[in-house]
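Here is how the chains run, residue by residue.
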Amino acid sequence: MNKNIPLSRYYNLLAEYIAPQKTRFSLLALMLLTSIALQLFIPQITRRFIDQALAGEAMDVLITAAVAFIALAFLQQLFGVGAAYVGENVAWLATNRLRERLTKHSLNLDMSFHNDTNPGAMIERIDGDVTQLSNFFSQLVISIVGNIVLLIGIIVVLTIEDWRLGLAFGIFAMLMLGVLNWIRNIAVEAQKAWREANMTLFGFIEERLAGTEDIRSSGAVDYVLSKLDQLQSVVRKTQQSAWYRFIAIHTTAGFMMRLGGAVAIIASWLLFQNELLTIGTVYLVFHYYNLLGRPIRELSQQVENLQTVGASMERLEDLLAEAPKIKDGIGTPIPEGALTVQFDDVQFTYKADEPILKGISFDLQAGQILGLLGRTGSGKTTMARLLFHLYEQQSGAIRLGDVDIRDATLTQLRQRVAMVTQDVQLFEATIRDNLTFFNRDISDDRLMSVIQELELKEWLDSLPDGLDTVLETGGRSLSAGEAQLLAFTRIFLRDPGLVILDEASSRLDPATEQLIERAINRLLKGRTGIIIAHRLGTIERADQILILQDGDVIEYGNRTDLASDPNSRFYQLRQTGLEEVLA
Ligand code: ATP
Ligand code: MG
C-alpha cells in the first residue's frame, strides 16, 4: 500500500529534520565516503602485494605494502565507526525533536480524540513509529547512500581493470537486486500482519494493566489470561509466517551469491589461464565480488524498510494532521475577580444520538456558590468539563463574566477557572512539583503560606522529607482526602475567579472531612464556586441549588428557599439523605 509514496516525501522528511544539523550531516557524509573509498582502495594494495610477492620482490617493498594495508584498514574501520556514531547522533537529535513535537501536539488534541484512541496505540505511534523513522535517519540513509556509492564504486573500479569485468558485475548486481526485490514483496504482507498483531497485543496489555484492580476484584483474571493466550498465539503465527518468508529470502539470496561466486571463480580462472589476469587481479576480482554481496543484500532489505518507514511516516502525518476542534478564541480576556457564570440553553452529547445535556440554562452571580446535584451519570462532571472547555457544547453558550468562553484563548480561560476533579491526578514527583506543576517560579515561601492557610502544615510536617517527599505513581501513597487537599493547594497558587469542585464520592474520615470543609471555605472566599456535591455537609454552603436529571434542570433556586419548601425536590432530598439518593 505504501509502494507509491514518492521519494520526494522521504526527502522532505529528511530535509526538515536534518536541516538544523547541517554540520553534523556533512561530517557524516565525509566519513562515510572516506570509509567507502578506503574499502575500494585497500584490495588494490593486497593485489600488488600478491603480485609482488610472487614476482619475488625485496622484503622491504613487501613490508611497506603490508604496513600501508594495516594503516589503511585501521583508518577505514575508524571512519566506519565514526560514521555510525555521528549517524546515530543525528538520528537521535532528529527523532527526539519529532517525539517532542508529537507529544506536544497530542497533548493539545481534544479530549474526545484521546477517549477514542487507545493509549497502547498512541505509544506505538509516538515510540514505535518514531523509532522506525530513527532507523531511517541513522541506518537507512547511511546504508542506502553508502551502499549505492559502494556498488557503483566497485563496478567502476572493475571496469577500469577490464571492461568485461565491469559489465559482468554490473549485470550480476542488477539481476540480484531485481530478483531479491521481487521475492521480498512476498514477505511484506506477512511482516505487516505480524506488526499489527503485536500492536493489538500491546494495546490489550496496556489496558488490562491499567485495570488490574478491577480485573482482580471482579475475578476476570482467567478471562484476561485466555484472551492474552489468544492474542499471543496470533503473534506467534504471524511471526512464524513472517520468519519463514524471511528465511526463504535469505536462502535464495545466499544461493544466488554462491552461484555468482562460482561463475566469478571460473571466469577468473579462464582469464588467468589465458594470461589476461595476474593471480593478484584474480584475488582482486574475488574480493570485490565478496564486497558486492553486502550492498546488494542490504539495498534490497532497505527498499523494504523504506516501505515500513513509509507506513510509519503516514501514520505520524495522520496524527499531526489531526487538528483540535477546540481552538483558541479571538482572545477576549475574562475579567478579574469572582466571575458570573451563565449557561444559555446548552446542549451537549459525547456521541451523536445520546444527548447528555438537553438545554441547560442558569445564571450564577459573581461570588455565589452553586450546589450541583444529580444522580450518577446525570452529567455533572460533563458540565464542569464544558466550563473548562475540554469539550464544546453543540449549541447554546457558556459565559464567564459575560465573556463567551469560546472567545477566550484556552490559556486565558484556564487561568481563571480551576477544577478539582473527582480523582486527583498525582505525578511520581515531589510534593513541591505536584503542587506547582513543576513551575520553579513559585517560591517555597509562597507555597508554605498557602499550605499554612489550608492548615496542611501539620500533615506536611508528618511526611519524611516535607516538600521533597516523592509521591509514588498513581497517587496510592495519598488518601483520597489528602489528594483533594493537594488539589486545593494547586488552585490557591493560581487564584482563579471560578472554582469547580467535583467532589470525590468516596467517604472520608471525620478529621480529614473537617479539614477539607475548612479548606473549601477558604478556597471559595471571594470566588464563584460550583460544587458537585455527594455529601450534605458540602452542599449546605451553597447559595443556589441546581438539580440535574435526564439531561434537564429539574430544579433551580435559592438553597434556603428550596430547603424550606416541602414540595421541592431539594427538601425531599434532605429528608431522605443526599447519600442515599445521589451517591
Ligand atoms: P457521577 O456522579 O457518577 O460523577 P456525573 O453526573 O458526573 O456522574 P458524567 O460523568 O457527566 O456524570 O456523565 C454523564 C453521562 O455521559 C454518562 O452517561 C456517561 O456515561 C457519559 N460520558 C461521560 N464521559 C464520557 C465520555 N468521555 N465519552 C462518552 N460518554 C461519556
Ligand atoms: Mg462525575
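Conventions and cut-offs
- Residues numbered from 1 in each chain as written.
- Chains lettered and ligands numbered in written order.
- Predicted model: local features only at pLDDT ≥ 70, side-chain atom pairs only at ≥ 80, totals over all residues.
- Heavy atoms only, no water.
- Phe/Tyr/Trp six-rings, centres within 6.5 Å; stacked < 30°, edge-to-face > 60°.
- Helix = DSSP H or I, 4+ residues; strand = E, 2+ residues; numbered from the N terminus.
- Buried < 20%, exposed > 50% of the residue type's maximum accessible area, 1.4 Å probe, protein only.
- Near = heavy atom within 4 Å.
- Polar contact = N/O pair within 3.5 Å; in protein donor to acceptor, adjacent residues only side chain to side chain.
- Areas by Shrake-Rupley, 256 points an atom, 1.4 Å probe, with all protein chains shown as cover.
- Nonpolar A, V, L, I, M, F, W, Y, C, P; charged D, E, K, R; others polar.
- Salt bridge = Lys/Arg side-chain N within 4 Å of Asp/Glu carboxyl O.
- Core = buried A, V, L, I, M, F, W, Y, C linked by side-chain atoms within 4.5 Å.
- Contact = heavy atoms within 4.5 Å.
- Patch = residues over 30% accessible without salt bridge, like charges linked within 9 Å, V, L, I, M, F, W, Y side chains within 5 Å.
- Pairing = 2+ DSSP bridges.
- Axes fitted to C-alpha atoms, helices over the stretch in contact; angles between N-to-C directions.
- Parallel < 35°, antiparallel > 145°, perpendicular 65-115°, else oblique.
- Left-handed = near helix turned anticlockwise from the far one by under 90°.

**Q** Help me understand the packing of aromatic side chains in this model?
**A** Think of a pair of aromatic rings as described by two things: how far the centres are apart, and how the planes are tilted against each other in angle. Within the structure shown, the criterion is met by 11 aromatic pairs. Between tyrosine 350 and tyrosine 391, the aromatic rings sit 5.1 Å apart at their centres with planes inclined by 90°, giving edge-to-face as the arrangement. Here the residue tyrosine 350 occupies a position in the loop between strand S1 (341-349) and strand S2 (355-364), and tyrosine 391 occupies one in the loop between helix H10 (380-387) and strand S4 (395-400), the gap between them amounting to 41 residues. Assessed through its relative accessible area of 35%, tyrosine 350 is described here as partly exposed. Since its relative accessible area comes to 7%, tyrosine 391 is described here as buried.

**Q** Any chance you could explain the site of ligand 1 here in plain terms?
**A** Near ligand 1 lie 16 residues; those nearest to it are Thr376, Gly377, Lys380, Thr381 and Thr382. A distance of 3.0 Å separates an oxygen atom of ligand 1 from a polar backbone atom of glycine 379. Within the side chain of threonine 381, a nitrogen or oxygen atom sits 2.6 Å from an oxygen atom of ligand 1. Bound to the protein, ligand 1 loses 70% of the 640 Å² it would expose on its own. No other element matches the 4 residues that H10 contributes to the shell around ligand 1. Taken together, the residues of the shell around ligand 1 break down into 3 nonpolar, 9 polar and 4 charged.

**Q** Explain the pattern of salt bridges to me, please; I cannot follow it from the model alone.
**A** Any two side chains of opposite charge can pair, on the condition that their charged atoms come close. Counted according to the given criterion, the structure contains 19 salt bridges. When the shortest N-O distance is used, the salt bridge between arginine 294 and glutamate 298 registers 3.8 Å. Here the residue arginine 294 and the residue glutamate 298 both occupy positions in helix H9 (residues 279-321), the gap between them amounting to 4 residues, near one helical turn. Residue arginine 294 is classed as partly exposed on the basis of its relative accessible area of 38%. Aspartate 344 is the salt-bridge partner of arginine 399, the closest N and O atoms lying 3.5 Å from each other.

**Q** I'm lost on the nonpolar core in this one. Help?
**A** Where a protein is soluble and globular, its nonpolar side chains tend to be buried together. In terms of nonpolar packing, the biggest core is built from 62 residues, with Leu133, Phe136, Phe137, Ile154, Tyr288 and Ile296 touching the most fellow members. Elements represented by at least two residues in this core include exactly helix H1 (7-18), helix H2 (22-54), helix H3 (59-107), helix H5 (119-161), helix H6 (163-210), helix H8 (221-273) and H9. Per element, the largest residue contribution to this core is 16 residues, and it comes from H5. With sequence-adjacent residues up to four places away left out, isoleucine 154 is seen in contact with Leu40, Tyr288, Leu291 and Leu292. Counting residues in hydrophobic clusters, the runner-up holds 46 residues, among them Ala483, Leu485, Leu501 and Ile539.

**Q** Teacher, can you tell me more about a nonpolar patch on the surface here?
**A** A cluster of nonpolar side chains, namely Leu54, Ile266, Trp269, Leu270, Phe272 and Ile279, defines an oily patch on the protein surface of about 600 Å² accessible area. Here the element with the most residues in the nonpolar patch is H8; it accounts for 4 residues. For isoleucine 279, the location among the structural elements is in helix H9.

**Q** I'm lost on the sheet that holds S2 in this one. Help?
**A** Strand pairing in a sheet takes place through backbone hydrogen bonds and is either antiparallel or parallel in direction. Spatially, the 4 strands line up as an open sheet ordered S2-S1-S4-S5, and their pairing is antiparallel. Since the sheet does not close on itself, it has two edges, and those belong to S2 and strand S5 (403-404), each with one partner. Sheet topology places S4 next to S5; 2 bridges connect them, and they run antiparallel. In the sheet register, leucine 400 faces S5, and the bridge partner there is valine 403.

**Q** Whenever I open this one, the pairing of strand S3 (residues 369-374) confuses me. Can you help?
**A** The side chains of a regular strand alternate, first on one face of the sheet and then on the other. Most of S3 is tucked away, with 6 of its 6 residues classed as buried. Here S3 shows a buried face lined by Ile369, Gly371 and Leu373 and a second buried face lined by Leu370, Leu372 and Gly374. With 4 bridges joining them, S3 and strand S8 (residues 528-532) adopt parallel strand pairing. Residue pairing in the sheet places leucine 370 in a bridge with isoleucine 530 of S8. The sheet contact formed by S3 and strand S9 (residues 544-549) spans 5 bridges and is parallel. The residue of S9 that forms the bridge with glycine 374 is leucine 548.

**Q** I would appreciate a short explanation of the environment of isoleucine 36 in the present structure.
**A** Structurally, isoleucine 36 is set in helix H2. Assessed through its relative accessible area of 6%, isoleucine 36 is described here as buried. Taking the C-alpha atoms as reference points, isoleucine 36 and phenylalanine 246, separated by 210 residues in sequence, lie 28 Å from one another. Leave out the neighbours within four places in its chain, and isoleucine 36 touches Gly146, Val149 and Leu150.

**Q** What's the story with the packing of H1 against H9 in this structure? I'm lost.
**A** Helix packing for two helices is described by the angle between their axes and how far apart those axes are. Between H1 and H9, the shortest axis-to-axis distance is 11 Å and the interhelical angle comes to 70°. The angle between H1 and H9 falls in the class roughly perpendicular. Note on packing geometry: the crossing formed by H1 with H9 is left-handed. Seen from H1, the contacting residues are Arg9, Tyr10 and Leu13; seen from H9, they are Leu306, Gln307, Val309, Gly310, Met313, Glu314 and Glu317. For the contact of H1 with H9, the residue count by class is 5 nonpolar, 2 polar and 3 charged.

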